[in-house]
Amino acid sequence: MESSYKIGRIKGIEIGIHYSWLIIFALLTYSLAESFFPSLHDNWSSGQYWIIAIIASLLLFASVVAHELGHSFVAIAKGIPVHNITLFIFGGVASLSQDVKDAKTEFLVAIAGPAVSLGIAVISVALMYVLRGISEQFSAVFQYLALANGLLVVFNLIPGFPLDGGRVFRSIVWGITNSMERATRIATTLGVIIGYLFVIVGIFIVFSGQLISGIWFGAIGWFLQNAAEQSMQQYRTQRIFQNVQISMLMDPNPTVVDPGTTIDELVDHHIIGSNSHGVPVVQQGVLLGIITSTDLKSTPRSEWSTLRVADRMTPRQQLVTVTTDTPIEVAMQMMSEKDIHQIPVVREGMLVGLLTRGAIIRFIQLRSELPPDTKA
Ligand SMILES: [Zn+2]
């Protein structure tokens, strides 16, 4: 995840904090110091409330890291490398470098996080009782940790994919049906439904007069619904482009021009009648740039006979390019982010093909007209 601050490394896994977590950290410390701890004990000094609140927030932060490490260690033990853990607004995300290969592994990886949180909650309850006669303040810290980790277990076990509970649910359906595809479809659909249910419940709560709780419920529902829909979309795209390489979709012999060609010649011979948006500029196989109709918009017609392609093209350094090894999803993302219609495919500076939006769209259309691949 981007815009995250790296704080350390555990067993090769990089731990980072997304800036949104810092806001939650501040809000949490504030509400603990001003409301939660004063409601438990009214005889502490204001400095004590704040110090205990900061300690409790830091320990909660450590609990969330432990939860994610739970997922990560099981994944690593099952041969799935984990590169980093990022803490953000609703908790944490451990990014697994690849999808799990079987239902049992998915179940174990998914359940490991909530199991760690449950363990911390149980230990916290014990410490809360043990410390009761020793330090009222630290007993209160563990009372809070027991509560917060308990909530973490409950929230994460909501069966809405991609939450842990949704993954557990998917792994069970996967185990029963033997089809990851069907399991993903069912789990993400359930995730969307649960998201909407939260939103509806949120609206009811608002109308019953509890504005803040209602908004919270609604926001969680909106987040769940969004995350489930995104997973569904991502999975579909992955399925469509499974085993498809850029070299299969690119045009290996695109129309190209020499940098010395005049704009006149370019328009007459390469742009009009070929309905191409852009033409790569190539000299002895080496890609020098690309010239598009947009590059010509600001060039008056009177100059077309004298100006050369090299004078108006977008040079190589400013171009987005891919290689034949780039995943198609990545190329598609580049196209939509930069709003471009074609990406030159290069190898060691040489142009080897041109990947266009049109070719990708035609492929998706063709795939959707064929019967689905039911092997997986
Ligand atoms: Zn988790």
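Attention here is on the structure that accompanies the text.

Cut-off values and rules
- Residues numbered from 1 in each chain as written.
- Predicted model: local features only at pLDDT ≥ 70, side-chain atom pairs only at ≥ 80, totals over all residues.
- Heavy atoms only, no water.
- Core = buried A, V, L, I, M, F, W, Y, C linked by side-chain atoms within 4.5 Å.
- Buried < 20%, exposed > 50% of the residue type's maximum accessible area, 1.4 Å probe, protein only.
- Helix = DSSP H or I, 4+ residues; strand = E, 2+ residues; numbered from the N terminus.
- Donors = N, O, S within 2.8 Å, 3.2 Å for Na, K, Ca; no water.
- Phe/Tyr/Trp six-rings, centres within 6.5 Å; stacked < 30°, edge-to-face > 60°.

One finds Phe61, Val65, Leu87 and Trp174 to be the most contacted residues of the largest nonpolar core, which totals 22 residues. Mapped onto this core, the elements with two or more residues apiece are β2 (13–18), α2 (46–77), β3 (82–88), α3 (103–131), α5 (164–177) and α6 (180–207). It is α2 that contributes the most residues to this core, 5 residues altogether. Within the second largest apolar cluster, 19 residues are counted, among which are Ala53, Leu60, Val141 and Phe142.

Right, let's talk about the coordination of the zinc ion for a bit. Here the zinc ion is held by the protein donor atoms His67 (NE2), His71 (NE2), Asp164 (OD) and Asp164 (OD), which lie 2.0 to 2.7 Å from it. The buried category is assigned to Asp164, whose relative accessible area is 8%.

Looking now at the packing of aromatic side chains. Here a ring pair, both rings aromatic, is described through the centre-centre distance and the interplanar angle of the planes. Taken as a whole and assessed by the stated rule, the structure comprises 7 aromatic pairs. Relative to Phe217, the ring of Phe198 has its centre 5.3 Å away and its plane inclined at 20°; by these criteria the two rings are stacked. Here Phe217 lies in helix α7 (residues 211–240) and Phe198 lies in helix α6, a separation of 19 residues in the sequence. By relative accessible area, which is 32% here, Phe217 ends up partly exposed. Here the aromatic rings of Phe241 and Phe363 are separated by 5.6 Å at their centres, their planes lie at 25°, and the arrangement is stacked. Here Phe363 lies in helix α13 (residues 357–369) and Phe241 lies in the loop between α7 and α8 (246–249), a separation of 122 residues in the sequence. On the accessibility criterion, Phe241 (5% relative accessible area) is buried.

We now examine unusual backbone geometry. Geometrically, the link from Phe161 to Pro162 is a cis peptide bond, its omega value of 5° lying close to zero. Tracing the sequence through the fold places Pro162 in the loop between α4 (136–156) and α5. Here Asp339, not a glycine, exhibits a phi torsion of approximately 50°, which is positive. Relative to the helices and strands, Asp339 resides in the loop between α12 (328–338) and β8 (342–347).

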